[in-house]
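Letter by letter, the chains look like this.
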Amino acid sequence: MALLFAAVAEERDGIAAEPPVDVERRAAHWHLGGTFVALAGGEIVGALFVDESGFGFGELGMFVARDWRGRGVGSALVVAAIDWARTRRLHKLVLSVFPHNEAAVALYRKFGFVEEGRRTKHIRRSNGELWDLVDMGLLL
Ligand SMILES: CC(C)(COP(=O)(O)OP(=O)(O)OC[C@H]1O[C@@H](n2cnc3c(N)ncnc32)[C@H](O)[C@@H]1OP(=O)(O)O)[C@@H](O)C(=O)NCCC(=O)NCCS
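Residues numbered from 1 in each chain as written. Predicted model: local features only at pLDDT ≥ 70, side-chain atom pairs only at ≥ 80, totals over all residues. Heavy atoms only, no water.

Caption draft 1: Highlighting helix α1 (residues 2–10). Every buried residue belonging to α1 is among Ala2, Leu4, Phe5, Ala6, Val8 and Ala9, and all of these are buried. At its buried positions, α1 is contacted by α2 (23–29), β2 (43–52) and β3 (57–64). Trailing α1 by a residue or two, Arg12 shows a phi angle of about 55°, which is positive. (Buried < 20%, exposed > 50% of the residue type's maximum accessible area, 1.4 Å probe, protein only. Helix = DSSP H or I, 4+ residues; strand = E, 2+ residues; numbered from the N terminus. Contact = heavy atoms within 4.5 Å.)

Caption draft 2: Main features of the packing of aromatic side chains. With the rule as written, the count across this model stands at eight aromatic pairs. Considering the side-chain rings of Phe98 and Trp131, the 4.8 Å spacing of their centres and the 85° angle between planes classify their relative orientation as edge-to-face. Of the two residues, Phe98 sits in the loop between β4 (92–97) and α4 (102–110) while Trp131 sits in strand β6 (residues 130–139), which places them 33 residues apart along the sequence. Across the pair, Trp131 and Phe98 agree in class, each one buried. Through a chain of ring-to-ring contacts, three or more aromatic side chains come together here, namely Phe5, Trp30, Phe49 and Phe63. Sitting above the plane of the Trp68 ring, Arg71 keeps its charged end 4.1 Å from the centroid. (Phe/Tyr/Trp six-rings, centres within 6.5 Å; stacked < 30°, edge-to-face > 60°. Lys NZ or Arg CZ within 6 Å of the ring centre and 35° of its normal.)

Shown next as structure tokens:
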């Protein structure tokens, strides 16, 4: 999972993390409760994690291996996360996404997430650019 995370970070586009990613450290500290993986031939090709707050909502993050995108992996992970969140009696799932990330925004909208706000120039990139973040939420 940490290796895949590092590979997606190398793209410098969809997730906030940028290289270098400390793979060993990330692997050692990964909280596996609320984490879902998609497997193909024994390899992890996608992962989604829900960080459960103490206030009834969970915050979601996810990534799919580049070669596996557009084939339903992300959708399967989101379905699993929504089912799990309901069994945990969470009332809401939330996430943040870069506004240019059309694939991610389309995926979340497909499952009923709505845009709740925009944080302007929120994330400073390693090249100095300041990127907006869109907050999305799904009431369960
Ligand atoms: C965002 C991401 C997780 C989507 O995963 P995926 O496996 O490609 O998603 P799916 O194949 O299940 O597609 C789900 C929906 O997204 C939309 N979609 C997928 N790729 C798209 C694209 N390139 N452009 C626009 N919409 C797209 C479609 O509406 C699709 O629904 P459909 O299958 O009913 O047509 C994946 O692109 C990814 O990992 N990107 C890099 C990391 C990232 O951005 N993570 C999210 C951070 S918020």
